[in-house]
Amino acid sequence: MLKITRSSELLELARLNQASSECGTCNALMNPGWESVPGSFDLKLLKIIGTLRDEDKPETWEEYHPHGTNSWSADAPIAIGYHPYTRCDIYECMNCTRKYLRYGEYGGYYVDERVRPLNAEFIIEG
Ligand SMILES: [Zn+2]
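The notes below deal with the structure included here. (Residues numbered from 1 in each chain as written. Predicted model: local features only at pLDDT ≥ 70, side-chain atom pairs only at ≥ 80, totals over all residues.)

1. Examining the overall build of the chain
Okay, so step 1: A count of helices and strands for the chain gives one helix and six strands.
Okay, so step 2: Ordered by position in the sequence, the α and β elements of the chain form the string β-α-β-β-β-β-β.
Okay, so step 3: Taking 14 Å as the expected radius of gyration for a compact globule of 126 residues, we find that the chain reaches 14 Å, a close match to that expectation.
Okay, so step 4: Each of the three principal axes of the chain carries a C-alpha extent, and together these read 35 × 35 × 30 Å.
Okay, so step 5: Sorting the 126 residues of the chain into buried and exposed places 24% on the buried side.
Okay, so step 6: For the chain, the share of sequence-separated contacts (at least 6 apart) that also reach a separation of at least 24 residues comes to 67%. (Helix = DSSP H or I, 4+ residues; strand = E, 2+ residues; numbered from the N terminus. Rg over C-alpha atoms; globule rule 2.2 N^0.38 Å. Buried ≥ 20, exposed ≤ 12 C-beta atoms within 10 Å, placed from the backbone. Contact = placed C-beta atoms within 7 Å.)

Structure, rendered in structure tokens:
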């Protein structure tokens with residue numbers, strides 16, 4: 001499994017995200033911003049390929065929104081080192097190999113699985 005610690009590495013991965021055809025498997029996940037994984041989606045259809053998590057670093061809740069976005073914005077930056085990216089693993093669709101970021105938001109009694117396509121256009125360099 002890849003351990004991604006730099007934006008350049010993440011960008012490289014995102015640029016592999018070039019599947020052009022429609023994908024019947026993951027088209028429910030293609031909203032550009034963060035979304036809860038639909039209950040009807042089978043998470044086994046995503047294969048983990050890497051992580052942005054670094055157990056050696058302290059947990060951060062700080063988000064990166066220099067241009068007035070919020071964490072749900074379709075065009076929110078993908079910023080390594082900021083919440084929620086410090087908690088994300090990287091997955092690919094087993095059918096079309098599109099790449100996704102995913103993490104679990106812990107609620108009271110359950111984990112809300114959240115997913116966002118890994119889109120090179122939003123990755124912050126640095
Ligand atoms: Zn797919």
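2. Remarks on the sheet that holds strand β3 (residues 46-51)
Okay, so step 1: Pairing within the open sheet is mixed, and its six strands lie in the order β1-β3-β4-β5-β6-β2. Looking at which strands have only one partner, the edges of the open sheet turn out to be β1 (2-3) and β2 (35-36).
Okay, so step 2: Sheet topology note: the strand β5 (residues 99-106)/strand β6 (residues 111-117) ladder contains seven bridges and is antiparallel. Considered in β6, the bridge of Tyr103 is made with Arg114. (Pairing = 2+ DSSP bridges.)

3. Description of the pairing of β6
For a regular strand, side chains alternate in direction, first toward one face of the sheet and then toward the other.
Okay, so step 1: Relative to β6, β2 runs antiparallel, the two being bridged by two bridges. Along β6, the bridge assignment pairs Glu35 with Val115.
Okay, so step 2: Connecting the antiparallel pair β5 and β6 is a turn made up of four residues.

4. Thoughts on the environment of Ile49
Okay, so step 1: If you trace the backbone, Ile49 turns up in strand β3.
Okay, so step 2: Look at Ile49 and you get partly exposed, because 17 C-beta atoms sit within 10 Å.
Okay, so step 3: Taking C-alpha positions, Ile49 is 21 Å from Asn31, a pair spaced 18 residues apart along the chain.
Okay, so step 4: What Ile49 contacts, discounting residues up to four positions off in sequence, is Met1, Leu2, Ile90, Tyr91 and Glu92.

5. Points about the nonpolar core
Okay, so step 1: If you look at the biggest cluster of nonpolar residues, it comprises 21 residues, and the most contacted ones within it are Leu52, Tyr85, Cys88, Ile90, Tyr100 and Leu101.
Okay, so step 2: Residue assignment for this core shows that the elements contributing at least two residues are α1 (7-15), β4 (89-93) and β5.
Okay, so step 3: Setting aside residues up to four positions removed in sequence, Tyr85 forms contacts with Leu52, Ile78, Ala79 and Ile80. (Core = buried A, V, L, I, M, F, W, Y, C linked by C-beta atoms within 7 Å.)

Just distances and angles here, no functional claims.
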